[in-house]
Amino acid sequence: MKVQGENNEISKLSPKIAAISLHFLTAIFITLVLIIFAGFREIGFDPDSPTYASIIQNIEFSNYIYFNFANMEPSFYFITYISHWLFNDVVRGTLLIYAILGVTLKIAGIYRLSHIPVLSIVFYLCYYYPLHELTQIRVGVASAIFLIAIPDIAGHNCRAYFIKTLLAILFHYQAVIMIPLYLILNAKLGKWFYFIIPIIGLFFYLINQSILNFILANIAVLNLFPSFLSYKIIFHIDLLQKGLFDYINVFNLYYLSALGLYYFCIININRFKFNID
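Residues numbered from 1 in each chain as written. Predicted model: local features only at pLDDT ≥ 70, side-chain atom pairs only at ≥ 80, totals over all residues. Heavy atoms only, no water.

## Some words on the packing of helix α4 (residues 90-113) against helix α6 (residues 137-154)
Phase 1 of the analysis: Contact geometry of α4 with α6 gives a least axis separation of 9 Å together with a crossing angle of 25°. When the interaxial angle is binned, α4 and α6 end up roughly parallel. In the crossing of α4 with α6, the sense of the turn from one axis to the other is left-handed. From α4, Leu95, Tyr98, Leu101, Gly102, Leu105, Lys106, Gly109, Ile110, Arg112 and Leu113 reach across to α6, where they touch Ile137, Arg138, Gly140, Val141, Ser143, Ala144, Ile145, Leu147, Ile148, Ile150 and Pro151.
Phase 2 of the analysis: Of the residues contributing to the contact of α4 with α6, the split by class is 14 nonpolar, 4 polar and 3 charged. (Axes fitted to C-alpha atoms, helices over the stretch in contact; angles between N-to-C directions. Helix = DSSP H or I, 4+ residues; strand = E, 2+ residues; numbered from the N terminus. Parallel < 35°, antiparallel > 145°, perpendicular 65-115°, else oblique. Left-handed = near helix turned anticlockwise from the far one by under 90°. Contact = heavy atoms within 4.5 Å. Nonpolar A, V, L, I, M, F, W, Y, C, P; charged D, E, K, R; others polar.)

## Quick look at helix α5 (residues 117-133)
Phase 1 of the analysis: Taking 1.5 Å of rise per residue, 17 residues should cover 24 Å, yet α5 covers just 19 Å from first to last C-alpha, more than 12% shy of that figure.
Phase 2 of the analysis: In α5, a bend of some 50° at Leu125 exceeds every other bend along the element. (Expected span 1.5 Å × (residues − 1). Bend = angle between axes of the 7 residues up to and from the residue.)

## Thoughts on the side chain of Thr135
Phase 1 of the analysis: With respect to the helices and strands, Thr135 occurs in the loop between α5 and α6.
Phase 2 of the analysis: Judged by its relative accessible area of 13%, Thr135 is buried.
Phase 3 of the analysis: Looking at Thr135, its side chain comes within polar contact range of the main-chain oxygen of Pro130, at 2.9 Å.
Phase 4 of the analysis: Ignoring sequence-local partners within four residues, the contact set of Thr135 consists of Asp46, Pro47, Asp48, Tyr52 and Pro130. (Buried < 20%, exposed > 50% of the residue type's maximum accessible area, 1.4 Å probe, protein only. Polar contact = N/O pair within 3.5 Å; in protein donor to acceptor, adjacent residues only side chain to side chain.)

Keep in mind that these numbers describe shape and distance, not what the molecule does.
Shown next as C-alpha cells:
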C-alpha cells in the first residue's frame, strides 16, 4: 500500500514537472533565437549600429588614456576590449555580448515577475526588443538590470537594489534615474501621484522650447553636474538645436493607446497586485 501511494504521488507530480520543463525549454529556445538575431544582424539594419561600428573600429585598445568615459560608459569599453581578444570581428562580438546580456536578463526577469510570461514576451517582442536589443543596446542592458531589480524595490532590499543600480549606470548613465525612483516607489504615494505624472509630462512637452531656452540661458549651471551627465545634456541639446532629433507627436494613436492602457492599470491596480518578493 505504501508503494502504491508513492506511485500515485509521483503520477501527480509528473504533469507538473513536464510543464516546468516545457516552460524552461521554451524560455531557452526563445532566448537563443533572439540573441542570434540581435547579435548577428547586419550593420545598418538599425539606426545605431553604424555609429557603434564606427566608434568600435576607431578605439585604440592599447591606449587606455583615449577612452572617453564622458561619451561612453566603462562597460562599453570593457565589452569591446573583451571582444577584441575573443572575436576576429570586434564589432560583431560586441553586438553579440550586448545581445546575450540584454535578452537573457530580460527573459529571466519576465519569467520571474510575470504571471503570464507568454503575454509578457509578446509585448517585449513587439516593443522593447526592437528598441533596446536591436537599437539602443546599452539602454537595453541597463533596463534589463532594472527589471531584475524590481523585487528589491518591493522587498525594500536597499543594498541589493543600489548594487544593481550601480551596474546599470555602468551600462548607461541615464540609469541614474533608478536612484530617485527607489525612493518614489517606496514612498507609498497614492494613485493621484501616478495620475498626474503623464499630465506633467504633457505640460513639459507643450513648453519644451521655453525649457530649452531656460537651459541655454543658464548653461553654466550644468557644470555643477557630474561630468558624464553634463556632457550628455549638452550633447543632446546640441543635437536638438541642429534638428537631428525627429519630432514626436504624442497625440498619435500609439501614444494615446499606451496612455489609455496606463490609466486602466492605475485604476485597476488592486486587481493586478501580487507578491514578487
